[in-house]
Amino acid sequence: MARASSLLRVWCLGLVLLVGLAVSALAQVTEKERAYVAEWQKTASRAEQVIDANRASSAALEQLRSELVRYRQTFLTASTENADRIRTLEGQLQALGPAPEDGKTEAEDIAQLRASLQDQLSALRVPRVVAEESYSRAAGLISEIDKIVRERRTKRLLERGPSPLNPQHWPTALAALSEAGVAIWHESTAQFSNDTTQERIGDNLPAILVLSALSILLLLRGRPWARSIGHYLRQFGARGTGVWTFVVSLLQVALPFTGILLLTTAIDLSGVLGLRGTLLSDYVPYWALMILGFHWLGEQLFPPGGAEALLGVPDNRRRQARLLVDLLAIVLVLQDALIRMEQIERFSGESHAVLGFPLVLGAALLLLRVQRLALVPHQDRVTEGDDGGVSGLGRVLALIRRGSIFLAVVSPVLAAVGYTNAAEALIYPAISSIALFGVILVLQRFIGDIYGLVSGKGQAARDSLFAALIGFVLVLMALPLLALIWGARVADLTELWSRFLAGFQIGDTRISPAAFLSFAVVFGVGYVVTRIVQSSLRNSLLPKTRIDPGGQNAIVSGLGYVGIFLSAVVAISLAGLDLSSLAIVAGALSVGIGFGLQTIVSNFVSGIILLIERPISKGDWIEVGGLMGYVRDISVRSTRIETFDRTDVIVPNSDLISGTVTNYTRNNTVGRVIVPVGVAYGTDLRLVESILMEIAEAHPMVLMNPGPSVIFQGFGGDSLEFEIRAILRDVNWVLSVKSDMNYEIARRFQEEGIEIPFAQRDIWIRNLDRLPTASGGGVAFDAEPGRPSTAPVKPDLHDLDPDAAEGDD
């Protein structure tokens, strides 16, 4: 006992020493954390001063916001660190038990260990609390900066400036534009005549000439080369024509765009442009890509040569539609060029309004023309709904059409009255949104063509379920782009993404996408493993045992329920989800389930009882509620019964537990068949009995122990009633056995001359003297009752007694 006590003391001292070393290491880490927190405090205080002053530019606020975002992400990571270690320390303290009450003492070693664990736990909890508090502060500051930026942008959009229709502003605007052009020209000519520029051109002349030659070659021959490549690609399969056509169309954009890049590179090497020209030339590739991209989109939506169009435009109007798309691209390029020149030359508000109004008006007119020409539902691609209206693509096109009409009408009006910023914020995003919608349609068709090429379905894959799902995914992916087009900041999208990654808090548990993904993966793996084990048991292991099919089905189903339950529990544990805080919610939910879903719960419990108690099993022949058939499947909620006419009847499990069920094959397949037969009065009864007994004993399905019997039931109204009663080896063959016996009875009775009677009826007609004897299609009767006459007669049915027809039942 003393030796054990000494060993325990040594173990506790060693543990205290290890805890001390860990605390010293944590102290070093804490010093770094304190320095980082101090730096954060300075940044947060500076951010609060900037927000209170509200005089910093939007660019400065965005820079400050990016710093706060970095701090917030660091604190979010720190708030989730050491969670496992904290749980371990809490478990160790729980293992030591509660601290002794006042006036009581505990062993010195245990007290030291408890104090060390408490210090270590506090050292771990403090950084976590500080991180959570700093995270909240950073999130609040970021929210305030976003609010200021949004208010400024809203104020700018709603700001009213000078009207472009005022003639007094026209000379100022034209003079500003002319001065900008002249400044660029003079700056470029002065730069070209500079000796330094001439020397630079001479040094880089070979590279400039090569780049210029390649640029001109790609601009002139890029599209024909792309078509030649397309002819080569089509040799790999005719079913991939749509895929190769799309690849060729991309090459027709990529090759000329490469030529533009080479040309701008050659101009930069020459240095002939001045500062203004260089600033504008940096945007030339972007403008070229916009024009080439819109031209490509127009060819994809309205292809020449009679190819299938994505939008319902007649062949004779497709060229006009492609021209409208190109003009929209030119308007967007001119508008962006105007913004860049305004940033360089600092145009006044009057000049901006006057110079921007023609572009807004032109964009509105083009948008109206496009919606009249192209945004009309195609009859071949739009189906009618149940209400008689269009659905699918037609609904989307109708919505875009109404929106484009509204924006095309409102934007010029707003620009005319001075709201130039609001007009530009409506008309140009509308054009870009329509272009984005067209790109989605083109990409959906292209991916459908790839699926058709891989699966061998060809162009029929464009209308498959896979293509519809791809369209849905493309729409979801396009939502961020659509938000950016309509003025959303990148910071807004990153903020939403950060909040999504941070998840939400439930009690002491944070539900994040990582935790949800971990739960989904673990549960999916468990589910797949459960199904594999079920399949192996059902097809390989259980058939080799002596367990009946019903028992095999019960084992497989029960294993499936247990496997899914264990998969969910393991997935919740590995995902780090603590659901203990949901006990109250779960209790309230259980009450709601008890009242609102009591039928479903009753069926579920009944299904479990059916699998455990097994009053019926898969393959049993049962009768319940007037329905008779074989049990094909027992699921959680219901049981599927296949009737003899091959129809499936779904019976709730609670009906099978609480109701009366007849199971013909519960323990074995032995059952009785009863075959009734009647013979005429006057027949030798013993002969009938011997014949029926011979027929019963001769059938191979009839058991001899107990043997069959022939029962003389009694004297019927039309015949003498007999029954064959026999026990069959398999009651599932009862109908076939009954049919075989009836055939044999008919044959033997015919050979022996035994008559099988049938019901006969005599009809008596009263008051024959009242029937007329006129000629007609009936029969005339003589004076003697009951004797027919050969003279035709047409009886009057009104003279017949309603009780005239009598007979025996």
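For the structure given in this document, a descriptive report is provided here. (Residues numbered from 1 in each chain as written. Predicted model: local features only at pLDDT ≥ 70, side-chain atom pairs only at ≥ 80, totals over all residues. Heavy atoms only, no water.)

## Quick word on helix H5 (residues 170–192)
- Taking 1.5 Å of rise per residue, 23 residues should cover 33 Å, and H5 covers 33 Å from first to last C-alpha, within 8% of that figure.
- Within the sequence span of H5, burial applies to Ala-173, Ala-176, Ala-180, Ile-184 and Ser-188. (Helix = DSSP H or I, 4+ residues; strand = E, 2+ residues; numbered from the N terminus. Expected span 1.5 Å × (residues − 1). Buried < 20%, exposed > 50% of the residue type's maximum accessible area, 1.4 Å probe, protein only.)

## A look at a positive patch on the surface
- On the surface, Arg-317, Arg-372, Arg-401 and Arg-402 cluster together into a positively charged patch.
- By the element assignment, Arg-372 lies in helix H12 (residues 349–373).
- Owing to a relative accessible area of 56%, Arg-372 belongs among the exposed residues under this scheme. (Patch = residues over 30% accessible without salt bridge, like charges linked within 9 Å, V, L, I, M, F, W, Y side chains within 5 Å. Areas by Shrake-Rupley, 256 points an atom, 1.4 Å probe, with all protein chains shown as cover. Salt bridge = Lys/Arg side-chain N within 4 Å of Asp/Glu carboxyl O. Lys, Arg positive; Asp, Glu negative; His and termini not counted. Charge placed at Lys NZ, Arg CZ, Asp CG, Glu CD.)

## What about the packing of helix H11 (residues 318–345) against helix H14 (residues 420–455)?
- Viewed as axis vectors pointing N to C, H11 and H14 meet at an angle of 135°, and their least axial separation amounts to 11 Å. With respect to each other, H11 and H14 are oriented oblique. The hand of the H11/H14 crossing is left-handed. Listed contacts from H14 to Leu-328, Val-331, Leu-332 and Gln-335 of H11 are Glu-424, Tyr-428, Ile-431 and Ser-432.
- Partitioned by chemical class, the residues of the contact of H11 with H14 number five nonpolar, two polar and one charged. (Axes fitted to C-alpha atoms, helices over the stretch in contact; angles between N-to-C directions. Parallel < 35°, antiparallel > 145°, perpendicular 65-115°, else oblique. Left-handed = near helix turned anticlockwise from the far one by under 90°. Contact = heavy atoms within 4.5 Å. Nonpolar A, V, L, I, M, F, W, Y, C, P; charged D, E, K, R; others polar.)

## A word on the nonpolar core
- Phe-294, Phe-302, Leu-367, Ile-427, Tyr-428, Ile-431 and Val-442 are the most contacted members of the largest nonpolar core, which totals 58 residues.
- Looking at this core, the elements with two or more residues in it are H5, helix H8 (241–270), helix H10 (284–301), H11, H12, helix H13 (393–416) and H14.
- Setting aside anything within four residues of it in sequence, one finds Tyr-428 in contact with Val-331, Leu-332, Gln-335, Gly-356, Leu-359, Val-360 and Ala-363.
- Core analysis: the second largest hydrophobic core is formed by 26 residues, Val-673, Ala-696, Val-737 and Phe-749 among them. (Core = buried A, V, L, I, M, F, W, Y, C linked by side-chain atoms within 4.5 Å.)

## Observations concerning unusual backbone geometry
- Cis peptide bonds are those with omega within 30 degrees of zero, and the linkage from Asn-705 to Pro-706 qualifies with -5°.
- Relative to the assigned elements, Pro-706 resides in the loop between helix H22 (685–698) and strand E9 (709–715).
- Even without glycine at this site, Arg-346 takes up a positive phi of about 60°.
- The topology assignment puts Arg-346 in the loop between H11 and H12.
- One non-glycine residue, Arg-646, lies in the positive phi region at around 65°.
- Structurally, the position occupied by Arg-646 is in the loop between strand E5 (638–643) and strand E6 (648–652).

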